[in-house]
Structures are given as structure tokens and as C-alpha cells.
Amino acid sequence: MSIDPHVALQSLVAALDEHLTAASQRRGDKDPVVEAAYLAIADAFELYEEVLYDAYGEVTPLEIYEDDDDDFDSFDDDDAPT
């Protein structure tokens, strides 16, 4: 892969920022803008992990949480951030 890890990291940070903006302007439980931003984070993260590994043989301690049933309502009350 020929993408610089710094560029991939910048894309991940931008995706996180876009998600924050979308979440702060959410229009209902299934807002398509929030869902798209959520998926953009996952895509940017996977790319970052790949180029980081290719460049340095290193990975992050993070994982993409996948729930095919419902990505947004998957937290139990005990799992919700405080």
C-alpha cells in the first residue's frame, strides 16, 4: 500500500471529527448522517491499521465493533459511557 501512515491517520481524525459534528446535530435515532459518519470511522480506521502495519509492522489496541442487528442501539445501560 502506498498511502503514508500520517495521511491515513489524518483521515481517521477527520472521520472522528465529522462523526462528532453529525452526532451533535442528530435528527432522530436512525439519522443517516450519523450512520454514514459511523461507517466512515470504521473505514478510515481499517485503512490506518493496514498502512500502519505495512509501514511499521505495528497495530493499535483498538477493534471495530460489528453488530449486524443494530449498530446504534447495541449498548446496554451498563455499557453506556459515563
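Residues numbered from 1 in each chain as written. Predicted model: local features only at pLDDT ≥ 70, side-chain atom pairs only at ≥ 80, totals over all residues. Heavy atoms only, no water.

(A) Broad picture of the packing of helix 1 (residues 5-24) against helix 2 (residues 32-56). At a minimum axis separation of 8 Å, helix 1 and helix 2 run at an interaxial angle of 165 degrees. Overall, the two elements helix 1 and helix 2 adopt an arrangement that is roughly antiparallel. Every pair of crossing elements has a handedness; the one defined by helix 1 and helix 2 is left-handed. Contacts from P5, A8, L9, S11, L12, A15, L16, E18, H19, A22 and A23 in helix 1 reach V33, V34, A37, Y38, A40, I41, A44, F45, Y48, V51, A55 and Y56 in helix 2. The residue inventory of the contact of helix 1 with helix 2, partitioned by class, reads 20 nonpolar, two polar and one charged. (Axes fitted to C-alpha atoms, helices over the stretch in contact; angles between N-to-C directions. Helix = DSSP H or I, 4+ residues; strand = E, 2+ residues; numbered from the N terminus. Parallel < 35°, antiparallel > 145°, perpendicular 65-115°, else oblique. Left-handed = near helix turned anticlockwise from the far one by under 90°. Contact = heavy atoms within 4.5 Å. Nonpolar A, V, L, I, M, F, W, Y, C, P; charged D, E, K, R; others polar.)

(B) Quick peek at the side chain of E49. Along the chain, the position of E49 falls in helix 2. No salt bridge forms around the buried E49; measuring N to O, its nearest opposite-charge neighbour R26 is 24 Å away. Only 2.5 Å separates the side chain of E49 from the side chain of T60, close enough to count as a polar contact. Ignoring anything within four residues of it in the chain, the contact list for E49 reads E58, V59 and T60. (Buried < 20%, exposed > 50% of the residue type's maximum accessible area, 1.4 Å probe, protein only. Lys, Arg positive; Asp, Glu negative; His and termini not counted. Salt bridge = Lys/Arg side-chain N within 4 Å of Asp/Glu carboxyl O. Polar contact = N/O pair within 3.5 Å; in protein donor to acceptor, adjacent residues only side chain to side chain.)

(C) View of the side chain of D31. Mapped onto the fold, D31 is located in the loop between helix 1 and helix 2. For the buried residue D31, which engages in no salt bridge, the nearest side chain bearing the opposite charge is R27, 5.3 Å off. Leave out the neighbours within four places in its chain, and D31 touches Q25 and R26.

(D) Just helix 1, in detail. Here helix 1 is 20 residues long and its end C-alpha atoms lie 29 Å apart, about the 28 Å a rise of 1.5 Å per residue gives. Those residues of helix 1 lying buried are P5, A8, L12, A15 and A22. Taken down its axis, helix 1 places every buried residue within 105 degrees of arc, on the same side. Of the residues in helix 1, the exposed ones pointing more than 90 degrees away from the buried face are H6, Q10, L20 and S24. (Expected span 1.5 Å × (residues − 1). Arc of directions from axis to C-beta.)

(E) View of helix 2. An ideal rise of 1.5 Å per residue puts 36 Å on 25 residues; helix 2 measures up with 36 Å between its terminal C-alpha atoms. For helix 2, the full list of buried residues reads V34, A37, I41, A42, A44, F45, Y48, E49, V51 and L52. At its buried positions, helix 2 is contacted by helix 1. With a side-chain oxygen lying 2.8 Å from the backbone nitrogen of V33, the N-terminal cap of helix 2 falls on D31.

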